[in-house]
Amino acid sequence: MDLTYTGEEEGFRARLREWLTATLPTLPARPDPLDWPARRAYDCGWQRRLHDAGYADVHWDASPTQRLVFLEETERAGAPYVGANFVGLLHAGPTIAAEGTPEQRERWLPPVLRGDEVWCQGFSEPGAGSDLASLRTRAVRDGDAYVVSGQKIWTSHAEVADWCELLVRTDPGAASRHRGITWLAMPMDAPGITVRPLRTLAGSTEFAEVFLDEVRVPVANRVGEENDGWRVTLVTLSFERGTAFVGEVVACRRLLGELARAARKNGTWDDPVLRRRLGRLSAEFGALWRIVQANVSEAQATGGVPGAGGSVFKLHYSHARQELYEAAAAVLGPDALDLGRDWTLDRLSSLSYTIAAGTSQIQRNIVAERVLGLPKGR
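One structure accompanies this document, and this report is about it. (Residues numbered from 1 in each chain as written. Predicted model: local features only at pLDDT ≥ 70, side-chain atom pairs only at ≥ 80, totals over all residues. Heavy atoms only, no water.)

1. Side note on helix α1 (residues 7-23)
Under the 1.5 Å per step criterion, the end-to-end length of α1 is 24 Å for 17 residues, consistent within 8% with the ideal 24 Å. Residues of α1 that are buried: E9, F12, R13, L16, W19, L20 and T23. Around the axis of α1, the buried residues are gathered within 135° of arc, so they sit on the same side. Turned more than 90 degrees away from the buried face of α1, the exposed residues are G7, E18, T21 and A22. Turning to α1, the residues buried within the fold contact α2 (36-53) and α3 (64-76). (Helix = DSSP H or I, 4+ residues; strand = E, 2+ residues; numbered from the N terminus. Expected span 1.5 Å × (residues − 1). Buried < 20%, exposed > 50% of the residue type's maximum accessible area, 1.4 Å probe, protein only. Arc of directions from axis to C-beta. Contact = heavy atoms within 4.5 Å.)

2. Details of the pattern of salt bridges
Taken as a whole, this structure holds 19 salt bridges when the rule is applied. Between R13 and E10 there is a salt bridge whose closest N-O contact spans 2.9 Å. Pair noted here: R13 and E10 are both in helix α1, with a separation of three residues, about one helical turn. Salt bridges linked by common partners bring E10, R13, R17, E72, E73 and R76 together as one network. (Salt bridge = Lys/Arg side-chain N within 4 Å of Asp/Glu carboxyl O.)

3. Considering the nonpolar core
Residues W46, F70, V249, L259, F285 and L324 are the most contacted members of the largest nonpolar core, which totals 42 residues. Looking at this core, the elements with two or more residues in it are α1, α2, α3, α7 (246-266), α8 (272-301) and α9 (309-332). Considering each element in turn, this core owes the most residues, nine residues, to α9. Setting aside chain neighbours within four positions, we find F70 in contact with F12, L16, L50, Y55, V58 and H59. (Core = buried A, V, L, I, M, F, W, Y, C linked by side-chain atoms within 4.5 Å.)

4. A few points about empty space enclosed by the protein
Under the definition given, this model contains four cavities of 30 Å³ or more. Within this model, the largest cavity holds a volume of roughly 160 Å³. Forming the walls of the largest cavity are 14 residues, and the residues nearest its centre are L71, T74, P80, Y81 and V82. Mapped by element, the contributors of at least two residues to the lining of the largest cavity are α2 and α3. It is α3 that provides the largest number of residues to the lining of the largest cavity, a total of four residues. (1 Å grid on protein atoms, 1.4 Å probe; cavity = no way out; pocket = protein on both sides within 12 Å on 5 of 7 lines; lining within 4 Å. Points joined across faces, edges and corners; volume = space filled by probe spheres on them.)

5. Concerning the packing of aromatic side chains
The full count for this structure, using the stated rule, is 10 aromatic pairs. Judged by centre distance (6.0 Å) and plane angle (85°), the rings of W108 and W119 are edge-to-face. Of this pair, W108 sits in helix α5 (residues 102-114) while W119 sits in strand β1 (residues 119-122), placing them 11 residues apart in sequence. Both residues of the pair, W108 and W119, belong to the buried class. Ring pairs connect the aromatic residues F12, W19, W46, Y55 and F70, which therefore count as one cluster. The ring of W36 has R39 sitting right over it, with the charged end atom 3.8 Å from the ring centre. (Phe/Tyr/Trp six-rings, centres within 6.5 Å; stacked < 30°, edge-to-face > 60°. Lys NZ or Arg CZ within 6 Å of the ring centre and 35° of its normal.)

Laid out in structure tokens, this is it:
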């Protein structure tokens, strides 16, 4: 397994770094993190700049290694995160690129790349979160449309989205829960959709409940075959767990340096327990970066879709991130309760990582069955 970069990839890094150096000082001020319409406009404006500079399609048309370089450099430079474009760029877009028809790719991919359209993720349900295969939202075929009724929860960016990657049950009588599921692209302006934002512990509303009352979704919006949605979903989840958090690993490694400097400044560096804690976290995130490189190398060898190794990464990263922000709280001391201080909101957000994108329990099952080859539990 080759974890080094080629001359061509290093050339791409140098050009990207030069463009970032020239572009980032020209960006407008970042909006209020609690104002999602303003954040959508800001995030889509950044995506348009990437598009105009020729970097928008790096998530799909570049090699996995080049994509890794892109995420590494943009994060190190402090460039805007994908934000409201997260689902479209890192989940739905790659899935449509891998599984969609030529017509679907032509319709949906360019607007995502230009920042013209935003997607949300309609997977989890009140009774089917971690156990995604037990979802109950129904879709009944009626001519050239599916009539969809049900409820979704934790729907990322639903209040500002144009489209939803939606999982529905099209064959409730299937022999297995994993059969009879279909992956649809649902327009969020269709009649019968009600969005109710959910406020997080940090006060933001990037999630929502979505209620579906006989919503008509064209059959042409189906990605993959009817009742083959679980296989398509595994493609989506492999991107979500395998490459979507890459930039965050770089951010965490940068944060470790900031924590060490802050600790030296406020005197907490004198605590040997804290120093050992930061040293161990540095080693852990260094190892996570190597796992990222290994997963990218595997994806490059297998056609661009990450494998089950993404679950190994996601499982370890979720816990390491939580430990990192607990260390940040130790450095801040009483100031860790001040929501206006750096790292405090990120600490609250980190609590969700062992649940988001598949709980740690689900990841352990995947690692046990698909990586270690252990038998399924009864």
